[in-house]
Amino acid sequence: MSRATAPRGARPSGWQRVAVIGGGIIGLACAWRLAERGHAVTVFDPDVAGGATHAAAGMLAPASEAVFGQDALLAAGLTGAREWSSFAADLTRVGSEDIELRPHATLLVALDADDEAALARHARHVERRHCPVERLAARSARRLEPALSPRVRAALRLNETAVDPRVVARALAHAVVASGGVVVPLDVEPDVRAGRATGVRARGTGGVRDGQPTGAAGLADEGRAYKADVVVVAAGWASGPLASALAHPVPIRPLKGQVLRLGATPGALTHTVRATVRGREVYIVPRPGGEVVVGATSEDVGEDPTVTAGAVHDLLHDAIEVVPELAEAGLLETTARLRPATADNLPLVGPTCVEGLVLASGHGRAGVLLAPITADAVVAHVEGRPPPRAMEPLAARRLCHKEHA
Ligand SMILES: Cc1cc2nc3c(=O)[nH]c(=O)nc-3n(C[C@H](O)[C@H](O)[C@H](O)COP(=O)(O)OP(=O)(O)OC[C@H]3O[C@@H](n4cnc5c(N)ncnc54)[C@H](O)[C@@H]3O)c2cc1C
């Protein structure tokens, strides 16, 4: 896609007034790319970057996460991972943060014979999709990553990277404003009249006037509405209930993830390490400065945001089983957030059956990875161009097809 951006304040012909509902990594990425092309963008979110984005480990790991039968997601993920270097470079240029793509690779490690067989299957699966994999004996794996447990029997090394989603979200919020966009701390819903999205309406007691919140209760009707040509629903798991204005249900549900942040010795770990311990998957993602993210649960328990003792226990147990010296690390943070999940594990991105209403949600475990390519797709839709090819199977219109099938 052409990366031509409009000079700040200039509006190219065909510019649109766009309201983005949700300032997580997806909404912010879409808003920034739209604003830098000269569209008039307003992001609405009472808790910017406080959703799943706040919990995410930030792995850009399409091959590690590849699952049999989900080739469309893998293809989008591989394209998305490639997009990240220019996205990070552009975002760094806008200015507030240095967006570092961590150069460390992923080690998938086996602790027993069943794991070894599973790794062999995984390697064959991703190699068939042209992802290079390095097979390592235990000794080579421990030479690369001395902190690994002596129990590790074998490993796969994948050339993947990671970002810190909290830093990225901060940079994106800055970039939206630096590119002429506006961020309004309001809880809103799409305003749909006669089958067309005409903007957003404030929910609760807040209001919006001239793109700014008024915060006052009891406003006149027009004070609670914001007009837009296009409404992008990027409200994470809440996109499902919000988009009920559509002619059919949008099947996005919350999928709870619990995650820990530990404080380890800087440099103690240089790779993202993933393993299966007692049938549970665990990953350990090092950040610069010694922070280590340990995750994550995947719980289909509705809107429950509680951090549970059992999950913290299991995550600590499993991480220490794989990297024993983490037993000495400080426990900095426990977090639970809700991922936006879909039944077929594919995000829903693009125009819907309601004119002017675009969905950008349902990214499940891969919203950080897919943020740049999702933004490209949304910009293309707003400008009436086809989305990147890898995003075609993720089209939100597939819901309309199902309805009429
Ligand atoms: C524990 C955990 C680990 C993860 N690790 C990774 C990883 O390593 N790599 C990866 O790619 N992905 C990862 N993910 C997934 C990733 O975090 C999500 O896919 C991604 O954050 C989705 O982004 P989003 O912007 O759609 O949703 P969110 O980040 O949830 O943002 C939605 C926003 O919408 C706002 N909102 C909701 N309703 C309204 C409303 N009515 N009006 C206005 N605003 C509203 C919310 O306040 C929120 O800020 C992880 C997720 C979890 C939970």
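Predicted model, so just to flag it, every value in this text is computed and none were measured.

Q: Account for unusual backbone geometry, naming residues and giving values.
A: In this structure, the amide linkage connecting G295 to the following residue, A296, adopts the cis form with an omega of -15°. With respect to the element layout, A296 can be found in the loop between β18 (291-295) and α8 (309-322). Of note, A49 is a non-glycine position whose phi angle comes to about 60°, a positive value. Tracing the backbone shows A49 in the loop between β2 (40-44) and α2 (52-55). Phi at H130 is positive, roughly 65°, even though this residue is not glycine. Within the secondary structure, H130 is located in the loop between α4 (113-128) and β5 (133-137).

Q: A description of the state of the cysteines should follow, citing residues and the corresponding values.
A: Under the defined criterion, the tally for this structure stands at one disulfide. The partner cysteine of C353 in its disulfide is C400, sulfur to sulfur 2.0 Å. Every disulfide takes its handedness from the sign of the S-S torsion; for C353 and C400 that torsion is -125°, giving left-handed. Of this pair, C353 sits in the loop between β20 (348-351) and β21 (357-361) while C400 sits in helix α10 (residues 398-404), and the two are 47 residues apart along the sequence. With relative accessibility at 7%, the residue C400 sits in the buried group. Not engaged in a disulfide, the cysteine C30 finds its nearest cysteine sulfur in C400; these two sulfurs lie 18 Å apart. Classification of C30 by relative accessible area gives buried; the value is 0%.

Q: Describe the domain arrangement of the chain, listing the residues and the values that go with them.
A: Structurally, the chain comprises domain 1 (17-55 + 167-251 + 344-404) and domain 2 (106-159 + 253-342). Between domain 1 and domain 2, the C-alpha centre-to-centre distance is 32 Å. Between domain 1 and domain 2, the contact holds 17 residues from the first and 16 residues from the second. Regarding the contact of domain 1 and domain 2, the summed buried area is about 1,400 Å², with carbon and sulfur atoms giving 55% of it. The largest per-residue losses of area from domain 1 upon contact with domain 2 belong to A55, W237 and R365, which jointly make up 48% of the total buried on that side. In this structure, the connection of domain 1 to domain 2 is made through zero salt bridges. Put simply, domain 1 and domain 2 have eight residue pairs in polar contact (both at pLDDT 80 or more) between them. In terms of residue count, α2 provides more of the side of domain 1 that touches domain 2 than any other element does, three residues in total. Class assignment for the residues of the side of domain 1 that touches domain 2 results in six nonpolar, nine polar and two charged.

Rules of the game
- Residues numbered from 1 in each chain as written.
- Predicted model: local features only at pLDDT ≥ 70, side-chain atom pairs only at ≥ 80, totals over all residues.
- Heavy atoms only, no water.
- Helix = DSSP H or I, 4+ residues; strand = E, 2+ residues; numbered from the N terminus.
- Disulfide = S-S within 2.5 Å.
- Buried < 20%, exposed > 50% of the residue type's maximum accessible area, 1.4 Å probe, protein only.
- Domains from an automatic or database assignment.
- Contact = heavy atoms within 4.5 Å.
- Buried area = accessible area lost by both parts, 1.4 Å probe.
- Salt bridge = Lys/Arg side-chain N within 4 Å of Asp/Glu carboxyl O.
- Polar contact = N/O pair within 3.5 Å; in protein donor to acceptor, adjacent residues only side chain to side chain.
- Nonpolar A, V, L, I, M, F, W, Y, C, P; charged D, E, K, R; others polar.

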